Amino acid sequence: MQIPVYLILGFLDAGKSQFINGVLADGLAADHRTLLLRCEEGDVEYDPSLMKNVTVASLEDEEELTPMFLRECEKKYRPRQVLVEYNGMWQLETLLEHLPPSWFLAQTFTFVEAGSFDIYSRNMGQLTMEKVKTADVLVFNRCTPELAESLRARNLRMVNRKAEIFLEYMDGTDENYLTGEECPFDLEQEVIDIPPEDFGVWYVDVMDHPQRYEGKRIHTKLVAMYSPKYKVCCPGRFAMVCCANDVAFLGLVARGEGLERYKNKTWLDATFQITVEEHPAYQGPGPFMNILEATPCERAEPELLSY
């Protein structure tokens, strides 16, 4: 039997325990024997009236989270599902590498106290951003209009494109992080010039809204790269999430005469037209770069994007 794991991430006072009380009140454990792994002691206690079908196993130290401990929990409690309130100071790998074979990660929720996000990002970048990157649902709570504006300015879709992101306000209301109306570039230009420092912003926007750019001509600086998996050229840029050890390549599928002559990591000054087409790299429709002109050029500044 496969056992789904629901992972709840965040630092202290982020709202993890409150969320768990909420989903239990909604009946998550009403029909299924549930194991709740508690990896830190928060200010909010679990509601005893909701724990009829729930067993809590607590851990004090990260070293206790071993494959043997999890197998023993499975054998002893025979859960049909697992909730994990994870310690924000622990590495995610500690849990993910030790899950028993029958356990699978079903959904990940990350909760962030909006006013603390900037401090955590600057002082504990890798720990913070790995939890943002992993989330299927990302909630910034205790928001103010000023904090919401600041969070949107950071363009967190660059960090995690798959997540549903919500802003939860002090008065209990909430809204989607994306309004669906934002476009960071002037689409009325004959050729839309993307400054090198803004490529990451454009990349997220064109991936989220490819139809917005269909038929548009774009000019920017790119790094030539070839995908061995898809056997296609996919120019783009390297971007750093939070530290030098966490670099990703942001590339788009491309076609154009003579592209094959450029070696990997060759810098190109390129003009291209966007079409929206199906490709396995996108698992559906996505933006294609139809290269109209490309010439080798000097490296852009900044060479490595950051967000």
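Residues numbered from 1 in each chain as written. Predicted model: local features only at pLDDT ≥ 70, side-chain atom pairs only at ≥ 80, totals over all residues. Heavy atoms only, no water.

Caption draft 1: Summary view of the sheet that holds strand 3 (residues 54-58). With mixed pairing, the eight strands of this open sheet are ordered in space as 3-2-4-1-5-6-7-8. Both edges of this open sheet fall to strand 3 and strand 8 (174-176), since each of them pairs with a single strand only. Going across the sheet, the axis of each strand differs from the next one's by a mean of 20°, ignoring polarity. Of the strand pairs in this sheet, strand 2 (residues 34-38) and strand 3 are connected by five bridges, and their pairing is parallel. Bridge assignment links Leu36 to a residue of strand 3, and that residue is Val56. (Pairing = 2+ DSSP bridges. Helix = DSSP H or I, 4+ residues; strand = E, 2+ residues; numbered from the N terminus. Axes fitted to C-alpha atoms, helices over the stretch in contact; angles between N-to-C directions.)

Caption draft 2: Region of the structure containing unusual backbone geometry. For the peptide bond that leads from Glu301 to Pro302, omega is 0°, which places it in the cis range. With respect to the helices, strands and loops of the structure, Pro302 is situated in the loop between strand 17 (284-296) and strand 18 (305-306). Of note, the phi angle at Asp13 is positive, near 70°, even though the residue is not glycine. The residue Asp13 is located in the loop between strand 1 (3-9) and helix 1 (16-25) in this model. Residue class for Asp13 comes out partly exposed when judged on its relative accessible area of 46%. Even without a glycine there, the phi angle at Arg78 is positive, about 45°. (Buried < 20%, exposed > 50% of the residue type's maximum accessible area, 1.4 Å probe, protein only.)

Caption draft 3: Inspection of the nonpolar core at higher detail. One finds Trp202, Tyr213, Ile218, Leu252, Phe272 and Met289 to be the most contacted residues of the largest nonpolar core, which totals 34 residues. In terms of residue count, the dominant contributor to this core is helix 7 (residues 199-208) (six residues). For Met289, the residues in contact, after removing those within four places along its chain, are Trp202, Leu222, Pro235, Leu252, Val253, Ala254, Arg255, Phe272, Gln273 and Ile274. Among the nonpolar cores identified, the runner-up in size contains 20 residues, and Leu35, Leu65, Leu92 and Trp103 belong to it. (Core = buried A, V, L, I, M, F, W, Y, C linked by side-chain atoms within 4.5 Å. Contact = heavy atoms within 4.5 Å.)

Caption draft 4: Examining the side chain of Asn290 more closely. Mapped onto the fold, Asn290 is located in strand 17. The contacts of Asn290, once residues within four sequence positions are left out, are Arg255, Thr271, Phe272, Gln273, Ile274 and Thr275.

Caption draft 5: Main features of the environment of Trp202. Position of Trp202 relative to the elements: it lies in helix 7. For Trp202, a relative accessible area of 0% gives the class buried. Taking the C-alpha atoms as reference points, Trp202 and Phe185, separated by 17 residues in sequence, lie 7.9 Å from one another.

Caption draft 6: Seen up close, the state of the cysteines. Throughout the structure, instances matching the rule amount to zero disulfides. The thiol of Cys234 is not disulfide-bonded; the next cysteine sulfur, from Cys233, is found 6.3 Å away. (Disulfide = S-S within 2.5 Å.)

Caption draft 7: The pairing of strand 10 (residues 217-223), seen in detail. Where strand 9 (residues 191-193) meets strand 10, three bridges bridge the pair, whose relative direction is parallel. When the sheet's bridge partners are listed, Ile192 is paired in strand 10 with Ile218.

Caption draft 8: Examining the pattern of salt bridges more closely. Following the criterion strictly, the structure yields twelve salt bridges and no others. As a salt-bridge pair, Lys162 and Asp136 come within 3.4 Å of each other at their nearest N and O atoms. Residue Lys162 is located in the loop between helix 6 (145-153) and strand 7 (164-169), and its partner Asp136 is located in the loop between helix 5 (125-134) and strand 6 (137-143); the two are separated by 26 residues in the primary sequence. You can call Lys162 exposed: its relative accessible area is 55%. Overall, the relative accessible area of 24% leaves Asp136 in the partly exposed class. (Salt bridge = Lys/Arg side-chain N within 4 Å of Asp/Glu carboxyl O.)

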